[in-house]
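Take a look at the letters that make up each chain.
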Amino acid sequence: MTPTTRVVALRKARHRVLGAVLAVTALALAACTSSGSNTAGTSNDTSGSTANSSAATSTGAISAAPSGDSDQGPTSANPVTIHAELAPGVIYAPLYVGAEQGIFLKHGIDLKIDVVSTASQAIQALQANKAQVAATAWPSMVTAVVAGVPLKAFAVVTGKPDIPNYDENLALVVRPGVTATTEAGLKGMKVATQFGGGSETWCRASPRAAGLDPDKDVTLVNAKSTDFLALLESGGADAACAVEPYPSLVVAKLPGSRILVRGGSVSESRILLDSLSSWLASNAVVAEHVLAGLLDSQQYMQTHFDQAVTATSHYLSGIDPEVLTAALKPIDFDGAWSDTLKTSFEDSSQILVDNGTIKTKPNTDDLLDQPLLNLIATKYSQYLTSGAGSAAPSAS
């Protein structure tokens, strides 16, 4: 071999070694970039934890199973991002305070809250794969299920397990000049409510319990809860049925207005966490961590009511803390599960049939993720021992 040939051979050998080193380096870098925390959001969502793309199921839901041992589930060091869609209201206070105080994160859930105008929009976000969890009342959920949306409830946000047809989060407020002392005195008047959800169901059931026919004796006006103050002030309606904080807001801002009736256990209106059945089936471990975070947050509210008010104010802009305090005090945030709730849900579905909102009554069991609901008592009872009832401090 000539000297020139030997030099060329050595150069080729060096190139082969360098190429092998670069290939190994590239593989190592690829492995590093594929690790990290997870997201249960949309495939292009990189908020919160580092996105880790995964294959979509046949229904379009993105798997949120954490990397590693799926039985262990997400952790605070390796959380899963969950987007929750909520309509405006103080009834979601445990979610607000749990997200702000890091309670959900302690359970491995990086909770991102998106406030939308209505419960139906929250459910639409689930269908569009923009969110994994929606907070709705039973009537909104049932209406969607009958329309073909496969939803299941897996957690309880408001209410008490021993109270059927819980509806203390709803009230009927009347404008100045209305002298009625009971709902029967509203005959011939205009009553505003938001059609298509729990408020409308309660607004029909409550007058009916007082002897009025809501379709004949009063005129129901469809309006958003956020518009009730202006509507009552202008005389566009004489009364309004709404979820808190809007009845308390009217009373605070419109002198002479007053709450005529609150609750009454006439229509099931407690708030639930629900999701698509396919997502829950694929992400049972993650959903359990969401459940645990909620229960922990509800317990936290028992001794940190002021922080719950502050957190709620960040999501309901323009409403004074004093109004939010008044709105939160009547509401119970007990996440316990009982057969009383199931019976109330069945009664509520029948009311929707009687009202003509739905034509067929669904099987209640099909709308409940019973294995997750059972864990409330069997695995997470420690969060139920701080005392049931309203999160507001007792009067001295």
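Being a predicted model, the structure only gives us computed values, none of them experimental. Per chain, the residues get numbers from 1 upward, laid out in the order the sequence is written. Thresholds applied to this predicted model are a pLDDT of at least 70 for local features of residues and 80 or more for the giving and counting of side-chain atom pairs; totals over whole chains, interfaces and linings are not thresholded and use all residues. Excluding hydrogens and water, the side-chain values take into account all heavy atoms of the structure.

Trainee: So what exactly am I meant to see when it comes to the confidence of the model for the protein chain here?
Mentor: Interpretation of the predicted coordinates at a detailed level should be avoided for regions scoring low in pLDDT. Every residue is assigned a pLDDT by the predictor, reflecting its confidence on a scale from 0 to 100. Summarising the model, the protein chain shows a mean pLDDT of 83, and 79% of its residues fall at 70 or more. In what follows, residue pairs with any heavy atoms lying within 4.5 Å of each other are defined as contacts. Counted against residues more than four places away or in other chains, residues 41-70, with its pLDDT under 50, gives 65 contacts. Counting interchain partners and residues more than four positions distant, the pLDDT-below-50 stretch residues 386-390 has 15 contacts.

Trainee: What is the right way to read the sheet that holds strand 6 (residues 170-174) from this model?
Mentor: The strands making up a sheet are joined through hydrogen bonds of the backbone, oriented either antiparallel or parallel. Strand pairing requires that DSSP identify at least two bridges connecting the strands. Under the scheme used here, helices are H or I runs from DSSP no shorter than 4 residues and strands are E runs no shorter than 2 residues, and both carry numbers assigned from the N terminus. With respect to topology, 5 strands assemble into an open sheet ordered 8-7-9-6-10, the strand pairing being mixed. Looking at which strands have only one partner, the edges of the open sheet turn out to be strand 8 (219-222) and strand 10 (258-262). Within the sheet, the average angular offset between the axes of one strand and its neighbour, ignoring direction, is 30°. Pairing of strand 7 (residues 190-193) with strand 9 (residues 239-243), which is carried by 2 bridges, proceeds in the parallel orientation. Helix axes are fitted to C-alpha atoms over the stretch in contact, other axes to C-alpha atoms as well, and angles between N-to-C directions run from 0 to 180 degrees.

Trainee: Teacher, can you tell me more about the environment of Ser 344 here?
Mentor: Tracing the chain through its elements places Ser 344 in helix 13 (residues 339-355). For the pair Ser 344 and Glu 268, spaced 76 residues apart in sequence, the C-alpha to C-alpha distance is 6.1 Å. The contact partners of Ser 344, leaving out residues within four places of it in the chain, are Pro 164, Asn 165, Glu 268 and Arg 270.

Trainee: What is the right way to read the packing of helix 5 (residues 138-146) against helix 13 from this model?
Mentor: For any two helices packed against each other, one specifies the crossing angle of their axes together with the interaxial distance. Remark: helix 5 packs on helix 13, axes separated minimally by 10 Å, with the N-to-C direction vectors making an angle of 65°. For the crossing formed where helix 5 meets helix 13, the hand is right-handed. Residues Trp 138, Pro 139, Val 142 and Thr 143 of helix 5 form the contact with helix 13, whose participating residues are Phe 345, Ser 348, Ser 349 and Leu 352. Only Asp, Glu, Lys and Arg are considered charged in this grouping, and only Ala, Val, Leu, Ile, Met, Phe, Trp, Tyr, Cys and Pro are considered nonpolar; every other residue, Gly among them, is considered polar. The residue makeup of the contact of helix 5 with helix 13, split by class, is 5 nonpolar, 3 polar and no charged. What makes a crossing left-handed is the near helix being turned counterclockwise from the far one by less than a right angle; a clockwise turn instead makes it right-handed.

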